[in-house]
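The residues making up each chain are set out below.
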Amino acid sequence: MEVLRVEISQAGYTGLQDAVKDICFSLKEEESIGLIGPNGAGKSTTIKAIAGLLPEVIGKVEILGEQKCAYIPEQPVFY
């Protein structure tokens, strides 16, 4: 059973060139996934797009069922 479906055509930051393009994957129940790559490859941008934290995303992210997600940024800010 799928728990996450990601189909992002483009994502990035306002006024800048798109940071990621053509990201498509799904995650099934009991699966783990990792994003690997060099600095600047778009790993953090992809996670932010999935979490809904980017201002400009063209695509679709679906969290299926009653799943709970958490995001811990590279440089956490404590309130």
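Every value quoted in this text rests on a predicted model; they were computed, and no experiment measured them. (Residues numbered from 1 in each chain as written. Predicted model: local features only at pLDDT ≥ 70, side-chain atom pairs only at ≥ 80, totals over all residues. Heavy atoms only, no water.)

Caption draft 1: Looking closely at the overall build of the chain. Each helix and strand counted, the chain has one helix and three strands in total. Order of helices (α) and strands (β) in the chain, N terminus to C terminus: β-β-α-β. For the chain, the C-alpha atoms occupy an extent of roughly 40 × 35 × 25 Å along the three principal directions. Expressed as a percentage of its 79 residues, the buried residues of the chain come to 20%. (Helix = DSSP H or I, 4+ residues; strand = E, 2+ residues; numbered from the N terminus. Buried < 20%, exposed > 50% of the residue type's maximum accessible area, 1.4 Å probe, protein only.)

Caption draft 2: Structural view of the environment of Val 61. Its place among the elements puts Val 61 in strand β3 (residues 56–63). Accessibility expressed as a relative area gives 29% for Val 61, which makes it partly exposed. Expressed as a C-alpha distance, the spacing of Val 61 and Ala 51, which sit ten residues apart in the sequence, is 8.6 Å. Leave out the neighbours within four places in its chain, and Val 61 touches Leu 4, Arg 5, Val 6, Ile 8, Ala 49 and Ile 50. (Contact = heavy atoms within 4.5 Å.)

Caption draft 3: Region of the structure containing the side chain of Thr 45. Within the fold, Thr 45 resides in helix α1 (residues 43–51). Once residues lying within four places of it in the same chain are set aside, the contact partners of Thr 45 are Ala 11, Tyr 13, Ala 19, Val 20 and Leu 54.

Caption draft 4: Main features of unusual backbone geometry. Even without glycine at this site, Asp 22 takes up a positive phi of about 55 degrees. For Asp 22, a relative accessible area of 67% puts it in the exposed group.

Caption draft 5: Seen up close, α1. When we look at burial in α1, the residues that qualify are Thr 45, Thr 46, Ala 49 and Ile 50. Down the axis of α1, the buried side of the element spans an arc of 140 degrees, and every buried residue falls inside it. Tucked into the core, α1 has its buried residues touching β1 (2–12), β2 (20–28) and β3. Phi turns positive one or two residues past the end of α1, at Gly 52, with a value near 80 degrees. (Arc of directions from axis to C-beta.)

Caption draft 6: Structural detail: the confidence of the model for the chain. Averaged over every residue, the pLDDT of the chain is 87; the share at 70 or more is 95%. Mean pLDDT across the secondary structure elements of the chain bottoms out at α1, with 90, and peaks at β2, with 94. (pLDDT = per-residue confidence, 0-100.)

Caption draft 7: Fine view of the nonpolar core. Grouped together as the largest cluster of nonpolar side chains are eleven residues: Val 3, Leu 4, Val 6, Ile 8, Ala 11, Val 20, Phe 25, Leu 27, Ala 49, Ile 50 and Leu 54. Counting residues per element, the ones that place at least two in this core are β1, β2 and α1. (Core = buried A, V, L, I, M, F, W, Y, C linked by side-chain atoms within 4.5 Å.)

Caption draft 8: Expanded view of the sheet that holds β3. Taken together, the three strands give an open sheet; going across it, the order is β2-β1-β3, and neighbouring strands pair in antiparallel fashion. A strand with exactly one partner marks an edge of an open sheet, and here the two such strands are β2 and β3. Put simply, the sheet's adjacent strands are angled 0 degrees from each other on average, direction ignored. Sheet analysis places β1 next to β3, joined by eight bridges and oriented antiparallel. Looking at the pairing, Glu 7 lines up with Lys 60 of β3. Running at roughly 115 degrees to β1, α1 makes contact with β1, β2 and β3 of the sheet. (Pairing = 2+ DSSP bridges. Axes fitted to C-alpha atoms, helices over the stretch in contact; angles between N-to-C directions.)

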